[in-house]
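One-letter residues, chain by chain:
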Amino acid sequence: MNRAPTPLLRFENVSRRFGPVTALDRVTLDVRAGEIHALLGENGAGKSTLMHVAAGLEQPDAGELWIDGQPREIDSPRAAATLGIGLVSQHFALAPALSAEENYELVCRAGRRLYRRRDLEHRLERDGRVHGLRIPSRRPVGELAVGDQQRLEILKALGTESRILILDEPTAALTAHEFEELASVLRRWRKTGRAVVFISHKLEEVLALADRITVLRRGAVVGERIPGDTDATELARLMIGETLPPPLERTQSKPGPVRLRIENLRAERDVGPPLEIPSLTIRGGEIFGVAGIDGNGQQELFQVITGERQSEAGLLEMDGEDRLQADVSQRAARGLGAIPADRHRHGLILAMSVAENLWLRGIPGDRRDLRPRWLRWLPGTLSRRRLVEAAAPVLAEFGIRGEAAAPVSELSGGNQQKVVLARELSREPGVLVAHNPTRGVDVLGARFIHEKLLDHRARGSAIVLISTDLDELLRLSDRLAVLVAGRWRELPPEDRDRDVLGRALGGRLSGGGDG
Amino acid sequence: MVETALRLTLPQHRARRLALAVLIPVGLMALFLELSGYSSLTTARALFEGAFGSGYAFEGTLLRACPLLLCGLAVTLCFRAGLWNIGAEGQLLAGALAAAAVGTRLTSWPVGLLLPTALLAASCAGALVGGIAGGLRAFRGVPEVVSTLMLNFVLLQAIGWSVQGPLQEESGAYPQGDLVAVPLPRFGDGRLHGGLVMALVITLALEVLLFATRIGFRWRAFGLNPEATRAAGVRPRRLIVGLLLGAGAVAGLGGGIEILGVTLRLLDGFSPGYGYSAIAVALLGGLRPSGVLVAAFLFGALEAGAGRMQRFAGVPAAMTYLAEAMILLSVLWVTRPPSRRSGGVG
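Draft legend 1. Structural detail: the overall build of chain B. The secondary structure content of chain B amounts to 14 helices and two strands. In summary, chain B has a C-alpha radius of gyration of 21 Å against a globular reference of 20 Å for 346 residues, a match within 12%. Residues counted as buried form 54% of the 346 residues belonging to chain B. Restricting the contact set of chain B to residue pairs at least 6 apart, pairs at least 24 apart contribute 77%. Here chain B has roughly 14,800 Å² of accessible surface; of this, 67% comes from carbon and sulfur atoms.

Written out as structure tokens, the structure reads:
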């Protein structure tokens, strides 16, 4: 075929600035019918912004959008939906208190004023079966596993008869098995003459799934490739503008004294069987990996360690002292650091400045130099200007790109995560618990976070790493356990293998965390 | 809503927005008055003269601004932390009740001791009422919107009962309390009392507390993201109870000052709803103590001018409440909603 078909969606010289930051710089891009088009780039490269332009969430400062060869104005999400563009955002747009079938009904109305709950359930199940997406009904969506929520989001986009489905980092919280499921759904769907835009920074996934790959760097298109004609090395170089450094080497661990000990711990979960940990001992200088799909007790484990959730029974010792009854601030004062999975909800205060977020845990020892000059005599005072000044070296140490005085919401996802990391690590925690610390973070950012974790391991911290990313776990952990349906199982050293681990998690778990 | 109100404080276009926020309600009010057969110019003049036309009028403005300011500060503290305290009225009434009780029943005490005691009692009573709402929220999960509003009614009835019962004047002629033994000192022979100075000092102190201390930092953080603040180790119960105690104390002091400085005796209905207007004052002031000071002055002027407006232009004094409502609504209207996306670039 010589004649290129009219693209379903075409961006022409689209530009967008946020204050001093150029998010998109004259981007031209075609999305054709029947293709899975991957948009590859680092965090902050402009991938999400570009797709938000297509979905009517952002207006371009310059440039045009063409749909079916016609220039179109997409000034609202509604206009985008009318034109057949469906977006599944990185942060889900679900009503957490409603069930899956009710959320589905909100978007894809059945066209009847009166309905029975059973009808909604049937419709969800029927439409789900058509697309191969099984979603548990009747339970509040907020209680479902991330994978289930994501399947629901995709079904919502498919149900509104989108012709162009945009998935923003859909695999950030999915296991390999769940990714395969998603891939087969998308491949099937593509055959119907529609298009998928798939945003990712995971090279392997993009190579496995995409028909065409467009690479963005700092808001501009830097290359377009066909998976057969390229490889991960070239894509990585396009993406980050340099050759990827060799993989991290984990040095032999030098276990120190026991820093965290848990025995016969039991904690109720919001859904499903309770979390039970018979025995867990972590020494300084160790990273203990906890593998499993979110929704199987991961959140509860994290909260039990931080003190946000009370355990009903058992023993929890930090540095040899009983801390079972201690609350969040008491444990933090004894050297516990925590990196939560959802940085927007639990890690940051988006409307506050980067500097303020760095000090959110409090300031050690009421530093006089952080008081305003005219209130230097008054304990407990705090100068926002001094906080910003004091934040500068931290920003430099952690390579955070952004202004210390700017709201943390203006930073890219990777830089936001580094703010959380910087806050927790600069307190030199004896015990650190991290939950999906590299979720939605680009290659270099993730590598930086891994380096920092290993660095603190070498300095004698005990680290609990709860993650869905098996590669991350295998690379960093000294010991490993799986957490499935609230049940804890430590793996013997000879089982440190991707396939064994995948099997331990897969199979009965593929439907999510409903155990 | 915290962020809605905070948008007022964004520096960009602030002047233009605030000008709009004043011009729109003024225009609407003028239109409304003309349509109802009043002269808007006459009305405006009467209103202005009633608020600023003479030394006496200006005193009236300041005196009305004082309880509005203190209640507005109480509301501001709570709103900043995401606690919807609409009970400044009840806290104010509780303060008034306590000040009147101390000021008329402990008359054997020396004046130098009695006055501070009366003011302290007013603060404590306000704090108690706020603290009840705080405790209910912190330990039983009762929404403070409901509890503070309900407590307003309780305190309203408590005053009504007191002026006919335990605190009624000796002569028993009217449903009102006796004159207090220790009025607040006044400046010269005017009506301005020492409570105004206290209110200004408290405004300054709260501005510092909110924006230049670690406690204020935690409060604001809690208002913007309670979950993350809790995860960072702030104890929410302590914070909620502490804040409502503090806010109640400030509003209660306002009630005490009103009794000891203006009415000099407990009266049923001495407050024309200061605690409710204070919600508008707090929002109009951008939830900053310094802004609340300006907003309280503006509303004080409106309410002070209302009497003259009624007498000389024949416009019902209640029209000022309409004006206040329209000012607030237009301010909230001209402040644009934030961008739909709160996440970062990319």
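After presenting the structure, the write-up continues.
Draft legend 2. Geometry of the confidence of the model for chain A. Residue and element names in this part refer to chain A. Here chain A averages 85 in pLDDT, and 95% of its residues register 70 or above. When mean pLDDT is taken per element in chain A, strand β17 (residues 431–435) scores highest with 96 and helix α17 (residues 498–505) scores lowest with 74. Below a pLDDT of 50 lies the segment residues 507–515, which in the model reaches 21 contacts outside its immediate sequence neighbourhood of four places, other chains included.

Draft legend 3. The arrangement of the interface of chain B and chain A in detail. Each partner contributes residues to the interface: chain B has 27 residues there, and chain A has 44 residues. Surface buried jointly by chain B and chain A totals about 3,100 Å² across both partners, of which 55% is contributed by carbon and sulfur atoms. At the junction of chain B with chain A, the criterion picks out three salt bridges. Its salt-bridge partner being E227(B), residue R345(A) comes within 2.9 Å of it at the nearest N-O pair. In this structure, the connection of chain B to chain A is made through eleven residue pairs in polar contact (both at pLDDT 80 or more). Those elements giving two or more residues to the side of chain B that touches chain A turn out to be α8 (195–212), α9 (214–224) and α10 (226–231) of chain B. Of the residues belonging to the side of chain B that touches chain A, the class tally is ten nonpolar, eight polar and nine charged.

Draft legend 4. Expanded view of α8(B). Taking 1.5 Å of rise per residue, the 18 residues of α8(B) would be expected to cover 26 Å, and the 25 Å separating its terminal C-alpha atoms lies within 8% of that figure. For α8(B), every residue scored as buried is listed here: G195(B), L196(B), A199(B), I202(B), T203(B), L206(B), E207(B), V208(B), L210(B), F211(B) and A212(B).

Draft legend 5. Quick peek at the domain arrangement of chain A. All names here are of chain A. Taken domain by domain, chain A consists of domain 1 (91–161) and domain 2 (258–335 + 428–509). The straight-line distance from the C-alpha centre of domain 1 to that of domain 2 is 32 Å. Counting from both sides, the interface comprises four residues of domain 1 and, opposite them, four residues of domain 2. The contact between domain 1 and domain 2 buries some 350 Å² in all, and 69% of this surface belongs to carbon and sulfur atoms. Considering only the side of domain 1, the residues that lose the most area to domain 2 are E143, A145 and V146, jointly responsible for 81% of the buried surface there. Linking domain 1 to domain 2 there are zero salt bridges. Among the residues forming the side of domain 1 that touches domain 2, the class breakdown is two nonpolar, no polar and two charged.

Draft legend 6. Structural context of the sheet that holds strand β8 (residues 195–200) of chain A. Residues and elements named next belong to chain A. The mixed open sheet is built from six strands, whose spatial order is β6-β7-β8-β3-β9-β10. Every interior strand has two partners, whereas the edge strands, β6 (85–88) and β10 (220–225), have only one. Put simply, the sheet's adjacent strands are angled 20° from each other on average, direction ignored. Sheet analysis places strand β7 (residues 164–168) next to β8, joined by five bridges and oriented parallel. Within the sheet, the bridge partner assigned to D168 lies in β8 and is I199. Strands β6 and β7 of the sheet are contacted by helix α5 (residues 146–159), whose axis makes an angle of about 160° with β7.

Draft legend 7. Examining unusual backbone geometry more closely. Residues and elements named next belong to chain A. Of note in the backbone geometry, D68 takes a positive phi value of approximately 50° without being a glycine. Mapped onto the elements, D68 comes out in the loop between β4 (62–67) and β5 (70–72). Notably, N264 is not glycine yet its phi reads approximately 45°, a positive angle. Its place among the elements puts N264 in strand β11 (residues 258–267). Overall, N264 belongs to the exposed group, its relative accessible area being 55%.

Calculation rules
Residues numbered from 1 in each chain as written. Chains lettered and ligands numbered in written order. Predicted model: local features only at pLDDT ≥ 70, side-chain atom pairs only at ≥ 80, totals over all residues. Heavy atoms only, no water. Helix = DSSP H or I, 4+ residues; strand = E, 2+ residues; numbered from the N terminus. Rg over C-alpha atoms; globule rule 2.2 N^0.38 Å. Buried < 20%, exposed > 50% of the residue type's maximum accessible area, 1.4 Å probe, protein only. Contact = heavy atoms within 4.5 Å. Areas by Shrake-Rupley, 256 points an atom, 1.4 Å probe, with all protein chains shown as cover. pLDDT = per-residue confidence, 0-100. Buried area = accessible area lost by both parts, 1.4 Å probe. Salt bridge = Lys/Arg side-chain N within 4 Å of Asp/Glu carboxyl O. Polar contact = N/O pair within 3.5 Å; in protein donor to acceptor, adjacent residues only side chain to side chain. Nonpolar A, V, L, I, M, F, W, Y, C, P; charged D, E, K, R; others polar. Expected span 1.5 Å × (residues − 1). Domains from an automatic or database assignment. Pairing = 2+ DSSP bridges. Axes fitted to C-alpha atoms, helices over the stretch in contact; angles between N-to-C directions.

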